[in-house]
Amino acid sequence: MVKTGKQADYWVVSWADGFDPSLDDLLPHIPEAVLGQRVLIASFDSGQLVPTPYELEHGWSVQGGQAVSAPVKAVSEIPAVGFDEWYVYDRDVPIGHHKSFVNRLGFSPLDPACVEANEFWEQVARFQPLNVLGAGAPTMFLVTRDEQIYARAIAIEGLL
């Protein structure tokens, strides 16, 4: 099931179909969601990603205990294994801890009755990312300020 919506200046697509999604399922369809941008990884396999020495040598950093990519040149540079949550910036990544929400079973930013969804939107308002991508269980979501990325995301067929 695909749900769409808009909140503040963001378009939202949420997929939920009783599956174990990975952002690797989504990125081939909308690579522009991360290409050329910096990605703060708030959750990697339900925990924190520790950049390798190679990644650190090539522009990755750690900010507040969270991995931040160098500007992304290929989607394969960002590891995704499931229970991942990324905050994508077209500018310097703002300082501050980014709470992860994908580890709550069934989390969706489109669920107004969910306390965590309200916290998620407060965090988005505070940090103003270009995009947020998340994959938990059994949901995956894209939150974007880019209407073209949103249009491409809702046009994806056969993702689930």
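Here, the structure is the one placed above.
Okay, so let's go over this structure. These figures come from a predicted structure and were not determined experimentally.

In this section: the overall build of the protein. Along the protein, the regular secondary structure elements total 4 helices and 8 strands. Counting from the amino terminus, helix and strand elements in the protein follow one another as β-β-α-β-α-β-β-β-α-β-β-α. Relative to its length of 160 residues, the protein is compact, with a C-alpha radius of gyration of 14 Å against a globular reference of 15 Å. Along the first, second and third principal axes, the C-alpha atoms of the protein reach 40 × 30 × 25 Å. Counting every position in the protein, which comprises 160 residues, the buried fraction comes to 49%. Summed over all atoms, the accessible surface of the protein reaches about 7,400 Å², with 53% contributed by carbon and sulfur. Across the protein, 10 positive and 21 negative side-chain charges occur, with their mean positions spaced 6 Å apart.

On to the side chain of E55. Along the chain, E55 falls in helix α2 (residues 53-57). One buried charged residue, E55, forms no salt bridge at all, with the nearest opposite charge on R38 at 12 Å. If near-sequence neighbours (up to four positions away) are discounted, E55 is found in contact with V50, W60 and E77.

Conventions adopted
Residues numbered from 1 in each chain as written. Predicted model: local features only at pLDDT ≥ 70, side-chain atom pairs only at ≥ 80, totals over all residues. Heavy atoms only, no water. Helix = DSSP H or I, 4+ residues; strand = E, 2+ residues; numbered from the N terminus. Rg over C-alpha atoms; globule rule 2.2 N^0.38 Å. Buried < 20%, exposed > 50% of the residue type's maximum accessible area, 1.4 Å probe, protein only. Areas by Shrake-Rupley, 256 points an atom, 1.4 Å probe, with all protein chains shown as cover. Lys, Arg positive; Asp, Glu negative; His and termini not counted. Charge placed at Lys NZ, Arg CZ, Asp CG, Glu CD. Salt bridge = Lys/Arg side-chain N within 4 Å of Asp/Glu carboxyl O. Contact = heavy atoms within 4.5 Å.

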